[in-house]
Amino acid sequence: MTYATFGRVIILILAVFGESAWSQDVGVARASRTFDDATRSGRVTVARLYGDIIVEGYSGREVRVEARAREAGDPRSADGTSALGLRIEGSGNDLRVYVANRLIDLRIRVPRQTSLVLSTVEAGEIRVTNIVGDVEASNINGSITLLSIDGVAVLDTINGDISASFTRVAPDRPMAFSSMNGTLSISLPSSASVDLYLETENGEIHSDFSLRPTSRSSLGRRGRWMKVNGGGARISLTSVYGDLNILSIGH
Amino acid sequence: MSPDPQFACPPDPDMWLWLSGELPMADAVAFVTHVSICSACRDRIRAIDSTLAVYTTLPLPDVSDERFEQALTTAARPPTILHETGPSPTSLRTKKLGQWGMRLGVALVLLTLGTVVGQSWSWQSDTRHVENEAREAQSLLAIVLLQQPSAADRLRGITWAEEIGVIELNLRTALAEAVRYDTNVNVRRTAATVLGASNAGTDVAAILARALLEEDSPLVQLTLIEVLDSINSADAHLGIEQLLDGENLDPVVRRRARESVTSNTLREQVRS
């Protein structure tokens, strides 16, 4: 074997096993756990200061979390465990995901019938897909996006947009969305019957639905209640500087 | 999501039993809880109660054996030939019976009238009782909902509190705690609005003013300023003025607070 051939083999070995070692150790941590009672829906809480929180509902039973540091490298703690500090704690069907206060993005897969309580502050977005349950989310400087939600949502941001798409609207459970500077967009089935409270100081209102004013007293003096398809579940949208968009999924 | 079974409408027989006071206590609690939130059931109960009232005013038919025999005898008797001159004993009996019939009719009318008026008064009293029970149950449910982990459920509790109209002390306290301590921005905002609209006096203004000074979220601060401005009391305006002393106030919040103080000053000048 010549030196050149030997060198190629070494490079090949490094390329194959080095990549694997990188994905396992450097900047990535994984954890999983099941709810104690798989017959009931569970709840997952994530409260962060930095980074994305991406949650997807799936048909499995485990809560699977992948934490990925956005900066290069993964400083390891003295005992050799990942410095990402990822762990899932809780009891019963109420779980909480913890991770170190660094710029770390979280990708979480949960059983579809799971309620979520999510919050982040900086440099991150919250995105939730394919959930049957309640979604409560708060983001100060990023957006919140909900897709294919069969349940209710209560969302707020300061500087980020809110976009939420519902496959069904529960008739007797209210929802609320509010932002200081973000645009609020909610997508509802075309047959949804809701009472909408709309308030924006400097934004515009766009609706695919026909809106009929109601005599219901207002939450605030700057907004109004409107009926959609005869009225029903209460949904309030408030943005100081952003637009309000009410979109019909069947439109 | 299917509706919660405990919120299913009770069947008519349960309503009859409840109206007659015969529904077991364990069922009655669930019954009243449901009725407090279901206007359709309340309407149905009123309808059944009205029907009961009508039944009680109807005279009971005489179905005694004696009466039955008398009817048979009358049916078997040959037709009576009336005398053309002078009153016959039969016609005298008929006349006498007519007078008694008239008296009986008047008595029945008076009895019916008395029964209807009595039932109406009793029904109104029962209705008030039902409404009071419903309000208490609804208050209790609103308080329970305000303690739920789901923000949507807590919002629903506030919605119910708003629909009760008259907010009792316990519920007011729960709403005040929601304004000050709830973890969700939208819940705090909505609770502040409903509490402010409850016209519950100066203590509410003081609570909301304190909440304004403790609040971090500019969204909730804006709502509180609006609510306090509409309450228009000394405590309310003092709270807004004190907020302006803060250094790290959001510019929009500061502007709204200044607008409120300015408009209050103008109101005071107009008054004086």
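**Here's the deal with the overall build of chain B**
Here is step 1 of the chain: Scanning chain B for helices and strands turns up 12 helices and zero strands.
Here is step 2 of the chain: Starting at the N terminus and walking to the C terminus, you meet the elements of chain B as α-α-α-α-α-α-α-α-α-α-α-α.
Here is step 3 of the chain: The 272 residues of chain B split such that 38% are buried.
Here is step 4 of the chain: Taking the contacts inside chain B whose residues are at least 6 apart along the sequence as the reference set, 62% of them involve residues at least 24 apart.
Here is step 5 of the chain: Accessible area for chain B stands at about 16,700 Å²; split by element, carbon and sulfur atoms hold 59% of it.

**Description of the pairing of strand β19 (residues 224-228) of chain A**
All names here are of chain A.
Here is step 1 of the chain: As defined by bridge partners, strand β16 (residues 194-200) adjoins β19 across five bridges and the pair is classed as antiparallel. Each residue of the ladder has a partner; that of V194, found in β19, is V228.
Here is step 2 of the chain: Across two bridges, strand β18 (residues 212-213) lies against β19 in antiparallel orientation. Bridge assignment links P213 to a residue of β19, and that residue is M226.

**A look at the nonpolar core**
Here is step 1 of the chain: In this structure, V128, L155, F177 and L188 of chain A together with L175 of chain B are the most contacted members of the largest nonpolar core, which totals 108 residues.
Here is step 2 of the chain: Excluding residues that lie within four positions of it along the chain, L155 of chain A makes contacts with V135, A137, I144, L146, I162, A164, A176, F177 and S178 of chain A together with N186 of chain B.
Here is step 3 of the chain: Formed by 13 residues, the second largest nonpolar core is a distinct cluster that contains A28, C38, C41 and I48 of chain B.

**As for helix α12 (residues 251-271) of chain B**
All names here are of chain B.
Here is step 1 of the chain: Counted at 1.5 Å a residue, the expected span for α12 with its 21 residues is 30 Å, and the 30 Å between its end C-alpha atoms agrees.
Here is step 2 of the chain: Among the residues of α12, those classed as buried are V252, V253, R254, R256, A257, S260, V261 and N264.
Here is step 3 of the chain: Its side-chain oxygen at 2.8 Å from the backbone nitrogen of V252, D250 defines the N-terminal cap of α12.

**Here's the deal with the interface of chain A and chain B**
By a frequent convention, interface size equals the accessible area lost on bringing the separate parts together.
Here is step 1 of the chain: Residue-level contacts link 32 residues of chain A with 30 residues of chain B.
Here is step 2 of the chain: Counting the surface lost from both chain A and chain B, the interface buries some 2,600 Å², and carbon and sulfur atoms represent 49% of this.
Here is step 3 of the chain: Between chain A and chain B we count six salt bridges in total.
Here is step 4 of the chain: With its nearest N and O atoms 3.6 Å apart, the salt bridge here joins R156 of chain B to D172 of chain A.
Here is step 5 of the chain: The tally of links from chain A across to chain B stands at 11 residue pairs in polar contact (both at pLDDT 80 or more).
Here is step 6 of the chain: At the level of secondary structure, the elements contributing two or more residues to the side of chain A that touches chain B comprise β12 (153-157), β14 (175-179) and β20 (233-239) of chain A.

**Notes on the sheet that holds strand β5 (residues 87-91) of chain A**
One key point about sheets: their strands pair by backbone hydrogen bonds, in either a parallel or an antiparallel sense.
Here is step 1 of the chain: Read across the sheet, 11 strands follow the order β5-β6-β2-β8-β10-β12-β14-β20-β16-β19-β18 (chain A) without closing on themselves; strand pairing throughout is mixed. With partners counted over all chains shown, the strands left at the sheet margins are β5 and β18 of chain A, one partner each.
Here is step 2 of the chain: As paired strands, strand β8 (residues 114-120) of chain A and strand β10 (residues 135-139) of chain A are joined by five bridges and run parallel to one another. Each bridged residue has a counterpart across the sheet, and for T120 of chain A the counterpart in β10 of chain A is N139 of chain A.
Here is step 3 of the chain: Running over the sheet, helix α8 (residues 185-196) of chain B touches β12, β14 and β20 of chain A and is turned about 100 degrees from β14 of chain A.

**Things to note about a nonpolar patch on the surface**
Here is step 1 of the chain: Taken together, the side chains of M102, V106, L110, L113 and V117 of chain B present a nonpolar region at the surface, about 510 Å² in accessible area.
Here is step 2 of the chain: Checked against the element boundaries, L110 of chain B lands in helix α5 (residues 89-146).

**Topic: the sheet that holds strand β4 (residues 62-69) of chain A**
Residue and element names in this part refer to chain A.
Here is step 1 of the chain: Pairing is mixed in the open sheet, where 10 strands are placed in the order β1-β4-β7-β3-β9-β11-β13-β15-β21-β17. With one partner strand each, in any of the chains shown, β1 (28-34) and β17 (205-207) form the two edges of the open sheet. Strand-to-strand, the axes of this sheet are offset by a mean angle of 10 degrees, without reference to chain direction.
Here is step 2 of the chain: As judged from the five bridges shared by strand β11 (residues 144-150) and strand β13 (residues 162-168), these two strands associate in the parallel manner. Bridging from a neighbouring strand, L146 pairs with A164 of β13.

**Comments concerning the packing of helix α6 (residues 151-164) of chain B against α8 of chain B**
Residue and element names in this part refer to chain B.
Here is step 1 of the chain: In the contact formed by α6 and α8, the axes pass within 10 Å of each other and the chain directions differ by 5 degrees. One finds that α6 runs roughly parallel with respect to α8. In this structure, α6 uses A151, R154, L155, I158, A161 and E162 to contact α8, whose residues at the interface are N186, V187, T190, A191 and V194.
Here is step 2 of the chain: Residue classes in the contact of α6 with α8 are distributed as seven nonpolar, two polar and two charged.

**Here's the deal with the confidence of the model for chain B**
Residues and elements named next belong to chain B.
Here is step 1 of the chain: Of the residues in chain B, 75% have a pLDDT of 70 or more, and the chain-wide mean is 78.
Here is step 2 of the chain: Mean pLDDT in chain B bottoms out at helix α4 (residues 65-76), which sits at 62, and peaks at α8, which reaches 94.
Here is step 3 of the chain: pLDDT under 50 marks residues 79-86. Its contacts with residues more than four places away, or in other chains, come to one contact.
Here is step 4 of the chain: Note that pLDDT drops below 50 for residues 88-97; the model gives that stretch two contacts with residues more than four away or on any other chain.
Here is step 5 of the chain: The ipTM for the predicted assembly is 0.84, set against a pTM of 0.71.

**With respect to the confidence of the model for chain A**
Here is step 1 of the chain: Mean pLDDT over chain A: 87, with 82% of residues reaching 70 or higher.
Here is step 2 of the chain: Here residues 14-25 of chain A is a poorly scored stretch, pLDDT under 50, and it has seven contacts once near neighbours within four places are set aside; other chains count.

**Thoughts on the environment of L95 of chain A**
Residue and element names in this part refer to chain A.
Here is step 1 of the chain: Among the structural elements, L95 can be located in strand β6 (residues 94-98).
Here is step 2 of the chain: Classification of L95 as buried rests on a relative accessible area of 1%.
Here is step 3 of the chain: As for L95 and L84, which are separated by 11 residues in sequence, their C-alpha atoms are 18 Å apart.

Definitions and cut-offs
- Residues numbered from 1 in each chain as written.
- Chains lettered and ligands numbered in written order.
- Predicted model: local features only at pLDDT ≥ 70, side-chain atom pairs only at ≥ 80, totals over all residues.
- Heavy atoms only, no water.
- Helix = DSSP H or I, 4+ residues; strand = E, 2+ residues; numbered from the N terminus.
- Buried < 20%, exposed > 50% of the residue type's maximum accessible area, 1.4 Å probe, protein only.
- Contact = heavy atoms within 4.5 Å.
- Areas by Shrake-Rupley, 256 points an atom, 1.4 Å probe, with all protein chains shown as cover.
- Pairing = 2+ DSSP bridges.
- Core = buried A, V, L, I, M, F, W, Y, C linked by side-chain atoms within 4.5 Å.
- Expected span 1.5 Å × (residues − 1).
- Polar contact = N/O pair within 3.5 Å; in protein donor to acceptor, adjacent residues only side chain to side chain.
- Buried area = accessible area lost by both parts, 1.4 Å probe.
- Salt bridge = Lys/Arg side-chain N within 4 Å of Asp/Glu carboxyl O.
- Axes fitted to C-alpha atoms, helices over the stretch in contact; angles between N-to-C directions.
- Patch = residues over 30% accessible without salt bridge, like charges linked within 9 Å, V, L, I, M, F, W, Y side chains within 5 Å.
- Parallel < 35°, antiparallel > 145°, perpendicular 65-115°, else oblique.
- Nonpolar A, V, L, I, M, F, W, Y, C, P; charged D, E, K, R; others polar.
- pLDDT = per-residue confidence, 0-100.

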